[in-house]
Structure formats: C-alpha cells, structure tokens
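Examining the three-dimensional arrangement
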Amino acid sequence: LGLVIAVVLVWKLLGPSCFLGIVAVLIAQVLNAFVTRVLLRKERVRRLATDARLQVSSQFVEALRHLRWYGWQNHWLRQVMDARQSELNLRIITMLWGIVIRFINTFASGLFPVVALYAYTLLAGNPLRIDIIFPALQLFTMLETRLRDIPSLITVLINASIAMER
C-alpha cells in the first residue's frame, strides 16, 4: 500500500514523465516474481534436506550404543555429515537467490529516481526546480523504503506457504 501511495504521489508531482521510472520498477518486480518462483522451489528442496538430516541424526543418536558395539558409528557419522553438507549447500543456494532478490529491489529503487528525473528534465524539457526536487527526493526515499521491505515480505510468504504445505 505504501508503495502504491508513493508511486501515485510521484506521478502527481512529476506528471507522466515518471512513467519510465514506474516501468523500471514494474520490470524489476516481474524479474523478482521469476526469481521468487525459483527461490520457492529451492526452499522446498532445502526443507526436504533438513528433514532428511534430522531423521538421520535422530536415528544415529537413538542407535549410538548399538552402533558402538559393532563398530559402525563411523559409517553412520559419515551419513549424518553427508546429509548435513547437502543441507548446507542448499542453504547457500537459497541465500544466494535471496541476495538476488535484494539486489534487484535495491537496483530498482535506485533506478526509479534516476529514470524519472531524466524523463522529467531531458525528455519532457521541464526545469528541475527546488519545489519539485525536494518533495520528489522525499517520495523516492519513501518508495525505496517500501521496496526494501519487499524481500523480507517475500521470504515470510515463502516460509508460510511451505509451512502450510507441510
């Protein structure tokens, strides 16, 4: 809602010349939707790896006494460590996709003012006056704050959807 309000206020302030900035933000959000789908798939795989690791670890702890009697603890410990390494690798991959989402949003929030002010001054031929630039900068800051909140919202929604599926 804050994102929509900020865009509407920038539109009222700069007029149709902020359309290019809005297009840049929309392209970034479409790109984010694609990355979020990939992240959702990777997060599901990571959760399955976490479940597998917890199951192997629990079995190892429960059977530790019997494993020591027969000298099989190293074999089971290797299974636990392999499951742990698999989970860590998947966790790194999901973290990298999260970083991509944050980068896209940061880039879009920085690109919006540049493109909007470029269109306002050079394409539309309007002078950049003080009564325009200072409110516009404040609105761009408000917009950037809202765009910065989107990755955490995406992460919460992904975790909630996966939890509901489980």
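Further up the page is the structure itself.
Residues numbered from 1 in each chain as written. Predicted model: local features only at pLDDT ≥ 70, side-chain atom pairs only at ≥ 80, totals over all residues. Heavy atoms only, no water.

For the protein, the count of helices and strands is 5 helices and 0 strands. Starting at the N terminus and ending at the C terminus, the protein contains elements arranged as α-α-α-α-α. Its C-alpha atoms give the protein a radius of gyration of 24 Å, clearly above 15 Å, the size a compact globule of 166 residues would have. By principal-axis analysis of the C-alpha atoms, the protein measures approximately 85 × 25 × 25 Å. Evaluated residue by residue, the protein yields a buried proportion of 34% over its 166 residues. For the protein, the accessible area works out to roughly 10700 Å², and carbon and sulfur atoms hold 68% of it. (Helix = DSSP H or I, 4+ residues; strand = E, 2+ residues; numbered from the N terminus. Rg over C-alpha atoms; globule rule 2.2 N^0.38 Å. Buried < 20%, exposed > 50% of the residue type's maximum accessible area, 1.4 Å probe, protein only. Areas by Shrake-Rupley, 256 points an atom, 1.4 Å probe, with all protein chains shown as cover.)

The full count for this structure, using the stated rule, is 2 aromatic pairs. For the ring pair phenylalanine 103 and phenylalanine 107, a centre distance of 6.0 Å and an interplane angle of 20° mean the geometry is stacked. Highlighted residues: phenylalanine 103 and phenylalanine 107, both in helix 4 (residues 73-123), separated by 4 residues, approximately one helical turn. Between phenylalanine 112 and phenylalanine 140, the ring centres sit 5.4 Å apart and the planes meet at 80°, which makes this aromatic pair edge-to-face. (Phe/Tyr/Trp six-rings, centres within 6.5 Å; stacked < 30°, edge-to-face > 60°.)

The subject of this paragraph is the packing of helix 1 (residues 2-14) against helix 5 (residues 130-165). Describing two packed helices takes the angle between their axes plus the distance from one axis to the other. In contact at an axis separation of 9 Å, helix 1 and helix 5 are set at 160° when each is read in the N-to-C sense. Judged on the interaxial angle alone, helix 5 and helix 1 are roughly antiparallel. Our pair here, helix 1 against helix 5, has a crossing hand that is left-handed. On the side of helix 1, the interface is formed by Gly2, Leu3, Ile5, Ala6, Val7, Leu9, Val10, Leu13 and Leu14, while helix 5 contributes Asp131, Ile132, Pro135, Ala136, Leu139, Phe140, Met142, Leu143, Arg146, Leu147 and Ile150. Among the residues making up the contact of helix 1 with helix 5, the classes are represented as 17 nonpolar, 1 polar and 2 charged. (Axes fitted to C-alpha atoms, helices over the stretch in contact; angles between N-to-C directions. Parallel < 35°, antiparallel > 145°, perpendicular 65-115°, else oblique. Left-handed = near helix turned anticlockwise from the far one by under 90°. Contact = heavy atoms within 4.5 Å. Nonpolar A, V, L, I, M, F, W, Y, C, P; charged D, E, K, R; others polar.)

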